[in-house]
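Report on the structure
The lines below spell out each chain.
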Amino acid sequence: PGESDYTRYDRAVVAETLRWFQDKAKEEQRRPWCLYVGLVAPHFPLICPEPIYSKYRAMDLPEPKLHPRAGHKRHPWVEKQNAFFDSEAAFRSEAERKDAIAAYWGLCAWMDQNVGAILEGLAASGLEADVIYSSDHGDNVGARGLWGKSNLYDDAAAIPLIASIDGMAKGVCETPVSLLDVAETIPAALGVEWTGSRPGRSLVEIAAETDDPEREVISQYHAAGSVSGAFMLRAGRWKYLEYIGFEPELFDLKANPEESENLASTYPDVVKDLAKRL
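First, a word on scope: everything that follows refers to the structure included in this document. (Residues numbered from 1 in each chain as written. Predicted model: local features only at pLDDT ≥ 70, side-chain atom pairs only at ≥ 80, totals over all residues. Heavy atoms only, no water.)

Thoughts on the environment of Arg 97
Keep this limit in mind: Each helix is a run of DSSP H or I of at least 4 residues and each strand a run of E of at least 2, with the numbering of both proceeding from the N terminus. Whether two residues are in contact is decided by their heavy atoms: any pair within 4.5 Å suffices.
Within the secondary structure, Arg 97 sits in helix α5 (residues 94-125). Considered as a pair, Arg 97 and His 137 are 40 residues apart in the sequence and their alpha carbons are 22 Å apart. Apart from residues no more than four positions distant in its own chain, Arg 97 is found in contact with Glu 63, Pro 64, His 67, Arg 69, Glu 88, Phe 91 and Trp 147.

Below is the structure:
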């Protein structure tokens, strides 16, 4: 429990955002605008303000899934990547590990509070704006004995995305999308036309169409600790992971959303097709 440079940073970002709204609202001739607000938490270090931390620490939080000590065998690429910075091995006790889990979920609640304050400040200013809420990655939080991001399982690669945009109907869109689509949505909202061919599409266009669960989405990881390139293709029920120099992984997300059973050897034709499409 406590404060870190990151929680202090987030407090400052929220305060500056609220001041920006007030200043913008005072402008006599208000031009179209776009404001990016970047909050850091929930991010390491796992230090969470009170009383949120104690609220989560008192909960009986579930044990992270697919832990190696429960028999799960990690993919060789993931094993090598994790050896770069093995957070799980650094815990001094089981109590400290539970502290970390509670602090992570507490920091998520802390972020929710900050987002709420920003939206309340926007409404109070009298400004009207489309809003997109998202992040750059998720976190393993102990799943598979992993912490942080750095792999392509949904715990780390899947991200939240909530959009409130003029003309977009309320509801859940089942079409897979990515941040490439966000990159198309913002310029379109401001009337900016781009040239060239890009894979993204406006979220407004996608949401207005019939759901397309077969739409392909890619992700990739080549950063800290990676021993080779790692690529992901999501196509309908299938999720294909390709590791350069290693055997691939294939998951049926419809039957196995927890990604616990690698079906690459069971469906070689599917692997071949997805590898070609990737």
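Structural notes on the pairing of strand β6 (residues 249-252)
The side chains of a regular strand alternate between both faces of the sheet. The test is simple: Note on exposure labels: buried denotes an accessible area under 20% of the residue type's maximum, exposed denotes more than 50%, and partly exposed covers the range between, all computed with a 1.4 Å probe on protein chains only. Two strands pair if DSSP finds at least two bridges between them.
Covered by surrounding structure in β6 are Glu 249 and Phe 251 together with Leu 250 and Asp 252, the residues of both alternating faces. The pairing of strand β5 (residues 238-243) with β6 spans 4 bridges and is antiparallel. The partner of Trp 238 across the bridge, within β6, is Asp 252.

Describing the packing of aromatic side chains
Note the threshold: Only Phe, Tyr and Trp rings take part, Trp by its six-membered ring, and two of them pair if their centres are within 6.5 Å. Stacked means planes under 30 degrees apart, edge-to-face means over 60, and tilted covers everything else. A ring is scored as having a charge over it whenever the NZ atom of a lysine or the CZ atom of an arginine sits within 6 Å of its centre and within 35 degrees of its normal.
Applying the stated criterion across every chain, the model contains 8 aromatic pairs. What links up through ring pairs into an aromatic cluster is the set Trp 20, Phe 21 and Trp 33. Above the plane of the ring of Tyr 153 lies Arg 144, whose end atom (NZ or CZ) is 3.8 Å from the centre. Across the ring face of Trp 238, the terminal group of Arg 237 is positioned such that the distance to the ring centre comes to 5.7 Å.

Some points on a nonpolar patch on the surface
How we decide: Patch definition: residues above 30% relative accessible area lacking any salt bridge, with like charges linked at up to 9 Å and the nonpolar side chains Val, Leu, Ile, Met, Phe, Trp and Tyr linked at up to 5 Å. Note on areas: Shrake-Rupley with a 1.4 Å probe; residue coverage comes only from the protein chains shown. One speaks of a salt bridge when a side-chain nitrogen belonging to Lys or Arg is within 4 Å of a carboxyl oxygen belonging to Asp or Glu.
The grouping of Ile 186, Leu 190, Val 192 and Trp 194 at the surface amounts to a nonpolar patch, some 350 Å² of accessible area in total. By secondary structure assignment, the location of Leu 190 is in the loop between α7 (179-189) and α8 (203-208).

Some details on α7
Buried within α7 we find Asp 181, Val 182, Glu 184, Thr 185 and Pro 187. Elements in contact with the buried residues of α7: β1 (131-134), β2 (161-164) and α8. Residue Gly 191 follows α7 closely and has a positive phi angle near 75°.

Overview of the side chain of Thr 175
Convention followed: Residues adjacent in sequence count toward polar contacts only when both atoms are side-chain atoms; beyond that, a polar contact is any pair of N or O atoms within 3.5 Å, and within protein one must be able to donate a hydrogen and the other to accept it.
With respect to the helices and strands, Thr 175 occurs in the loop between β2 and α7. In terms of polar contacts, Thr 175 uses its side chain to reach the backbone amide nitrogen of Asp 212, at 2.8 Å. Thr 175 has contacts with Ile 206, Thr 210, Asp 211, Asp 212 and Arg 215, leaving out every residue within four places of it along the chain.

Describing the nonpolar core
Rules: Working definition of a nonpolar core: buried Ala, Val, Leu, Ile, Met, Phe, Trp, Tyr and Cys residues. They are joined through side-chain atoms within 4.5 Å.
By size, the foremost hydrophobic cluster in this structure holds 12 residues: Trp 77, Val 78, Leu 146, Leu 152, Tyr 153, Tyr 221, Ala 230, Met 232, Leu 241, Tyr 243, Phe 251 and Leu 253. Secondary structure elements with two or more residues in this core: α3 (76-83), β4 (230-235) and β5. With residues up to four places along the chain from it excluded, the contact list for Val 78 reads Leu 146, Tyr 153 and Tyr 243.

Considerations on the pattern of salt bridges
The tally for this structure, following the rule as stated, stands at 24 salt bridges. In this structure, Arg 215 engages Asp 181 in a salt bridge whose closest nitrogen and oxygen atoms are separated by 2.8 Å. Note that Arg 215 is positioned in the loop between α8 and β3 (217-221) and Asp 181 in helix α7, a separation of 34 residues in sequence. Exposure class is identical for Arg 215 and Asp 181. Each is buried. In this structure, Lys 239 engages Glu 259 in a salt bridge whose closest nitrogen and oxygen atoms are separated by 2.7 Å. Residue Lys 239 is found in strand β5, and its partner Glu 259 is found in the loop between β6 and α9 (268-277); the two are separated by 20 residues along the sequence. For the pair Lys 239 and Glu 259, one class covers both residues: buried. Through salt bridges that share partners, Glu 63, Arg 69, Glu 88, Glu 94 and Arg 97 make up one connected network.

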